Amino acid sequence: MSNESLANLLKEERRFAPPADLAANANVTAEAYEQAKADRLGFWAEQARRLTWATEPTETLDWTNPPFAKWFKDGKLNVAYNCVDRHVEAGNGDRVAIHFEGEPGDSRAITYAELKDEVSRAANALTELGVQAGDRVAVYLPMIPEAVISMLACARIGAAHSVVFGGFSADAIAKRIEDADAKVVITSDGGYRRGKPSALKPAVDEALTRVSVEKVLVVQRTKQDVAWTEGRDLWWHETVGRQSAEHAPQAFDAEQPLFILYTSGTTGKPKGILHTSGGYLTQASYTHHAVFDLKPETDVYWCTADIGWVTGHSYITYGPLSNGATQVIYEGTPDTPHQGRISEIVQKYGVTILYTAPTLIRTFMKWGDEIPAKFDLSSLRVLGSVGEPINPEAWVWYRKHFGADKCPVVDTWWQTETGAIMISPLPGVTETKPGSAQRALPGISATVVDDEAAEVPNGGGGYLVLTEPWPSMLRTIWGDDQRFIDTYWSRFEGKYFAGDGAKKDEDGDIWLLGRVDDVMLVSGHNISTTEVESALVSHPAVAEAAVVGAADATTGQAIVAFVILRGSANADDESLVADLRNHVGTSLGPIAKPKRILPVAELPKTRSGKIMRRLLRDVAENRAVGDVTTLADSSVMDLIQAELPSAS
Ligand code: 6R9
């Protein structure tokens, strides 16, 4: 960003108080903020006692060598024991841990006692294959229970997992196996997507022509034909199936590596974000308890994320299972076999807490209000959002059409690097504001600074920074400490630079404004893509919008908007385009009016639903489109280019 701070354009006046009954019985009350403020480390030491330790830690934080943190370093624990065994020992073995819903309609309920047996068998199998504490295991699976079981089996024996999105290419798998030096890969024949089996093993086979591992463990899901390398490939049902269900969990140091997860980054080689055990599990567990108000005896929780995204790690595997939750895992796509599938699953299992992403909410809006209305969603009581800034219109729609105009919506800001939620409302405490993640959770310190690292006053905009270490923080970039320092700790002395633009409103609440790399500079004003997109989405004709700044001879950058129109709107309607420009002008001011508005049928998105604006900038600036390997659907860019009038 330049010296000009982010313009504070969007005005959103709607407010929603927490429901009285939820507030009265909330897991966490306003007192937590006070307590954590008075003694931040004491607060986290207390949260660490949510876990069962083999050796209780006596030291909370070692920050003598910043930015390399050690949390609870003299404590020892087993992460899988905390997620599984202790619930069985507490008498909750019969509680369902996972309601699995396959895309074709098959389903399977797994209790905590059964999960313990499965994880133990898988841990025994990995040990038999030669995996030891400290080794790495790559996991390339669809959204099936074996994904969670594999992660926990690694944790149980002290090996770190590296989960690779089931949609990624052979090239991406090879790079990740190589960087982490993985010993074993766990994959499957395939999984079900969009109504048909979709192969996974061929991508692993291709990756392994370039890098090598000792063994490949293959889950049989679709029963499609697979190529087989004798001596290397093993069926899960044979190798895991014949193991004993007894496995004594060993305690590991709190700083034992738990997983590596690669973030794509916009340039250069993917960064292997390293998370460790005790601090990570403490914050994943606490935030899941606090932000979703989870009551393990009665709630049915559902996070729609893929396991290959950090959200799947912290809010499918580690947070919910450490808290003894009952959760739903769904394998497939949201429109298979019909556009009401998500609502239907909420109704079928009586889901009470739903955690999803803005991209899916906007898709629901596009599909129409009548679809959720066909199902009984009255079990829902808390709604969460993650992954991108949520447009106020999408927030209000979600609350109305999924939350019966009464469920609190928690907009949770965090990153692969932060490991767990950092900024979010608390459902029983916060008066919510559509589009704002509001304030740092108890025990977390976040603020907004300007170019000179000075905290901006209320009403000001700049960069989001985290000013104190937190338990689930990344420990480094795998194999590259210098890049860890350069990327996150060098922009502002002593502060973690998140790479997101943000502003503070008059109450001091934080509004996230998108990645700093995406901020536009128009006639000397920094304008956030998020605000212009939210203004466009608030027009009844627009379902989704992606905005980029394209080089412009007069204004430096000009705003170019790609929009997906709702069903009845006509893309060739010149007056609609003029109307949209004026709508943005009225909502945000004339400076934010897009110079060009281009209706398209799809937008390029990552597997976690983030719009890849870099690719749209290439289109808007008439360049060859850059690297598309982390797109969920790489054909989208061809579609967009074919649709557009020559972009000049
Ligand atoms: C959890 C996750 C991190 C980036 C982050 C920011 C964006 C995530 C957000 C949000 C605004 C929210 N982001 N949640 N922006 N409001 N509630 O998404 O991790 O995939 O590493 O992405 O996502 O830009 O910096 P990750």
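Once a new chain begins, its residue numbering starts again from 1 and follows that chain's sequence as written. At least 70 in pLDDT is required for a residue's local features to be given in this predicted model, at least 80 for side-chain atom pairs to be given and counted, and no such filter applies to totals for whole chains, interfaces and linings, which use all residues. Hydrogens and waters are ignored; side-chain quantities use all the structure's heavy atoms.

The name given to the protein in an unreviewed UniProt entry is Acetyl-coenzyme A synthetase, with Streptomyces endophyticus as the source organism. UniProt positions are given in the numbering used here, feature names are shortened, and annotations may be inferred rather than shown by experiment. Quoted straight from UniProt, the Catalytic activity (unreviewed entry) entry for the protein says "acetate + ATP + CoA = acetyl-CoA + AMP + diphosphate".

Undergrad: Give me the overall build of the protein: which residues, what numbers.
TA: Scanning the protein from N- to C-terminus turns up 20 helices and 30 strands. Along the first, second and third principal axes, the C-alpha atoms of the protein reach 70 × 60 × 50 Å. Burial statistics for the protein: of 648 residues in total, 62% are counted as buried. Throughout, a residue-residue contact means that at least one pair of heavy atoms, one from each residue, lies within 4.5 Å. Considering only contacts within the protein whose residues lie at least 6 apart along the sequence, 72% involve residues at least 24 apart. Taken as a whole, the protein presents about 23,200 Å² of accessible surface, with 47% of it coming from carbon and sulfur. The positive charge centre, built from 63 side chains, and the negative charge centre, built from 86, are 0 Å apart in the protein. Numbering of helices and strands starts at the N terminus; helices are DSSP runs of H or I of at least 4 residues and strands are runs of E of at least 2. Using a 1.4 Å probe on the protein chains alone, a residue whose accessible area is under 20% of its type maximum counts as buried, one over 50% counts as exposed, and one in between counts as partly exposed. In these tables, accessible area is a Shrake-Rupley quantity obtained with a 1.4 Å probe, and a residue counts as shielded only by the protein chains included in the view. A residue counts as positive if it is Lys or Arg and as negative if it is Asp or Glu; His and the chain ends are not included. Each charge is placed at NZ for Lys, CZ for Arg, CG for Asp and CD for Glu.

Undergrad: A description of the packing of aromatic side chains should follow, citing residues and the corresponding values.
TA: Centre distance within 6.5 Å is the pairing criterion for rings of Phe, Tyr and Trp, where only the six-membered ring of Trp is used; planes under 30 degrees apart are then read as stacked, over 60 as edge-to-face, and the remainder as tilted. Enumeration over the complete set of coordinates arrives at 31 aromatic pairs. Ring geometry for Phe 259 versus Tyr 280: centroids 5.1 Å apart, planes at 85°, classification edge-to-face. With Phe 259 in strand E14 (residues 257-263) and Tyr 280 in helix H10 (residues 278-291), this residue pair connects regions lying 21 residues apart in the sequence. Like Tyr 280, Phe 259 is buried. Taking 6.1 Å as the distance between ring centres and 65° as the angle between the ring planes, the aromatic pair formed by Phe 292 and Tyr 315 counts as edge-to-face.

Undergrad: So what about the UniProt feature "binding site: Mg(2+)" (unreviewed entry) in the protein? Which residues, and what values?
TA: With numbering aligned to this structure, UniProt lists the feature "binding site: Mg(2+)" (unreviewed entry) at Val 537, His 539 and Val 542. Assignment of secondary structure puts His 539 in the loop between helix H17 (529-537) and strand E28 (542-552). The buried category is assigned to His 539, whose relative accessible area is 9%. Discounting residues that sit within four places of it in the chain, His 539 has contacts with Leu 576, Asp 579, Leu 580 and His 583. Apart from residues no more than four positions distant in its own chain, Val 542 is found in contact with Leu 536, Val 537, Val 563, Ile 564, Leu 565, Arg 566 and Leu 580.

Undergrad: Tell me about helix H20 (residues 636-643), and please be specific about residues and values.
TA: Among the residues of H20, Val 636, Met 637 and Ile 640 are the ones counted as buried. Considered in projection along H20, the buried side chains sweep an arc of 100° and stay on one side of the axis. Facing away from the buried side of H20 by over 90 degrees, the exposed positions are Asp 638 and Ala 642. Those residues of H20 that are buried lie in contact with strand E29 (556-565) and helix H19 (613-620). As used here, the arc is the angular range of directions from the helix axis to the C-beta atoms.

Undergrad: Give me the environment of Pro 257: which residues, what numbers.
TA: Looking at the secondary structure, you find Pro 257 in strand E14. Considered as a pair, Pro 257 and Arg 475 are 218 residues apart in the sequence and their alpha carbons are 9.1 Å apart. Once residues within four sequence positions are removed from consideration, Pro 257 is found in contact with Gly 158, Ala 160, Leu 274, His 275, Thr 276 and Ser 277.

Undergrad: Describe unusual backbone geometry, with residues and values.
TA: In this chain, Pro 66 is followed by Pro 67 through a cis amide linkage whose omega measures 5°. Structurally, the position occupied by Pro 67 is in the loop between strand E1 (61-65) and strand E2 (68-71). Here the amide bond leading from Thr 336 into Pro 337 is cis, since omega sits at 0°, within 30 degrees of zero. The residue Lys 223 is not glycine, and still its phi comes out positive at about 65°. Along the chain, Lys 223 falls in the loop between strand E11 (215-219) and strand E12 (233-235). Lys 223 sits in the exposed class, given a relative accessible area of 64%. Within the chain, Ala 453 stands out as a residue other than glycine whose phi angle is a positive 70°. Looking at the secondary structure, you find Ala 453 in the loop between strand E21 (446-449) and strand E22 (461-466). Judged by relative accessible area, which is 25%, Ala 453 ranks as partly exposed.

Undergrad: Could you give an account of the UniProt feature "binding site: CoA" (unreviewed entry) in the protein, with specific residues and numbers?
TA: If you check UniProt for "binding site: CoA" (unreviewed entry), the listed places come out as Arg 193, Arg 194, Gly 195, Lys 196, Thr 311 and Ser 523 in our numbering. Spanning 331 residues, the named residues do not form one spatial group; their C-alpha atoms are separated by as much as 50.1 Å. Relative to the helices and strands, Arg 193 is located in strand E9 (residues 190-193). Assessed through its relative accessible area of 29%, Arg 193 is described here as partly exposed. Excluding its chain neighbours within four sequence positions, the residues that come into contact with Arg 193 are Glu 103, Ser 198, Glu 331, Thr 333 and Arg 607.

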